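Coordinate analysis (summary)
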Amino acid sequence: MSNAGGGSPGPFLDQALDELHRRLVLNATSYLELAHGFGRRFVARGRGGMVLVAALGAVHGLPNMAHVSASKAYVLMLGEALHYELESAGVDVMVMLPGNVDTPIIDAYGLERAELPIRPMPADAAVRETVAAFLKKRPMHIPGRLMRLMTRLVPRSRAVRMNGRMLGKAADRLAARDLAASSVTP
Ligand SMILES: NC(=O)c1ccc[n+]([C@@H]2O[C@H](COP(=O)([O-])OP(=O)(O)OC[C@H]3O[C@@H](n4cnc5c(N)ncnc54)[C@H](OP(=O)(O)O)[C@@H]3O)[C@@H](O)[C@H]2O)c1
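Now for a quick tour of the structure. Predicted model, so just to flag it, every value in this text is computed and none were measured.

Basis of the calculations
Residues numbered from 1 in each chain as written. Predicted model: local features only at pLDDT ≥ 70, side-chain atom pairs only at ≥ 80, totals over all residues. Heavy atoms only, no water. Helix = DSSP H or I, 4+ residues; strand = E, 2+ residues; numbered from the N terminus. Salt bridge = Lys/Arg side-chain N within 4 Å of Asp/Glu carboxyl O. Buried < 20%, exposed > 50% of the residue type's maximum accessible area, 1.4 Å probe, protein only. Phe/Tyr/Trp six-rings, centres within 6.5 Å; stacked < 30°, edge-to-face > 60°. Lys NZ or Arg CZ within 6 Å of the ring centre and 35° of its normal. Core = buried A, V, L, I, M, F, W, Y, C linked by side-chain atoms within 4.5 Å. Contact = heavy atoms within 4.5 Å. Near = heavy atom within 4 Å. Polar contact = N/O pair within 3.5 Å; in protein donor to acceptor, adjacent residues only side chain to side chain. Areas by Shrake-Rupley, 256 points an atom, 1.4 Å probe, with all protein chains shown as cover.

A positive phi angle, near 70°, is found at Asn-64, a position not held by glycine. Within the secondary structure, Asn-64 sits in the loop between strand S1 (48-53) and helix H2 (66-86). One non-glycine residue, Lys-137, lies in the positive phi region at around 60°. Mapped onto the elements, Lys-137 comes out in the loop between helix H4 (123-135) and strand S5 (140-141).

So, in structure tokens, the structure goes:
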């Protein structure tokens, strides 16, 4: 399982280019290298499996998370393609698309649990579901039935705007947190 990743909500143009490059390496280039390296090894031995962790934000371009959703989209496209490309070689590839799993990332992103449209799913339950989907040889999995339902039913433009607004508020909260922290520094 390739899982490392992250980002920070905020307006695209306010973020330093070198930081965006670093995030691209973390969220996309490292996945390219792992999938290529392990893919070759697994194909050579005729079996193996990979779960690439992207994000539900990969299926939409999210305002205030533009770069992260774009970098996660790379992982989604890579993993989906490899699912079909490597299956005849005995290698299973699946993409996990977490949208609202209860991990430290929620606080790090400045999101308020009470304001989220769906209560965050416990991480262990998300992992159990993901392993079950992987064993069923699915190409991708969104943890949480409600999250899957919302993804199917909410019109794309509405989902983009709704998430963009939520991430904008989160970015403001992070900025206020930083300001408060800097003002108490002696
Ligand atoms: N939780 C969600 O709802 C959600 C939503 C969308 C996407 N995701 C994705 O799910 C994956 C796991 O995130 P999480 O929710 O478990 O959040 P998390 O607790 O913040 O975990 C992030 C993981 O990435 C690792 N990491 C971050 N920067 C790294 C770097 N520069 N080099 C190596 N490792 C680094 C962290 O390692 P350390 O602990 O050593 O720093 C940690 O293991 C990430 O790819 C994230 O983007 C999660």
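On to the pattern of salt bridges. Close approach of charged atoms lets side chains of opposite charge pair. What the rule picks out here adds up to nine salt bridges. Between Arg-128 and Asp-124 there is a salt bridge; the shortest N-O distance is 3.9 Å. Here the residue Arg-128 and the residue Asp-124 both occupy positions in helix H4, the gap between them amounting to four residues, near one helical turn. Looking at Asp-124, the relative accessible area reads 48%, which means it is partly exposed. A cluster of three or more residues bridged by salt bridges with shared partners is formed by Glu-19, Arg-22 and Arg-23.

With that out of the way, let us pick up the packing of aromatic side chains. Aromatic ring pairs: the centre-centre distance and the angle between the two ring planes describe each pair. Taken as a whole, this structure holds one aromatic pair when the rule is applied. Residues Phe-38 and Phe-42 carry aromatic rings whose centres are separated by 5.8 Å and whose planes lie at 40° to one another, so their mutual orientation is tilted. Of this pair, Phe-38 and Phe-42 both sit in helix H1 (residues 17-45), four residues apart, which is roughly one turn of the helix. With a relative accessible area of 12%, Phe-42 lands in the buried category. In this structure, Arg-41 is placed above the aromatic ring of Phe-38, and the distance from its NZ or CZ to the ring centre is 4.8 Å.

The next point concerns the nonpolar core. Among the nonpolar cores identified, the biggest contains 30 residues, and Met-50 and Leu-97 are the most heavily contacted of them. Counting residues per element, the ones that place at least two in this core are H1, S1, H2, strand S2 (91-96) and H4. The dominant element in this core, judged by the number of residues it contributes, is H2, at six residues. Contacts of Met-50, omitting those with residues within four sequence positions, involve Ala-35, Phe-38, Gly-39, Phe-42, Leu-86, Asp-92, Val-93, Met-94 and Phe-134. By size, the runner-up hydrophobic cluster in this structure holds nine residues, among which are Tyr-109, Leu-111, Leu-116 and Leu-167.

Here the focus is the site of the ligand. The environment of the ligand is formed by 17 residues, the closest being Asn-3, Lys-72, Pro-98, Val-101 and Thr-103. The separation between an oxygen atom of the ligand and a polar main-chain atom of Gly-5 is 3.2 Å. Contact distances for the ligand include 3.4 Å between an oxygen atom and a backbone N or O atom of Asn-100. Burial of the ligand by the surrounding chains reaches 55%, relative to a free accessible area of 880 Å².

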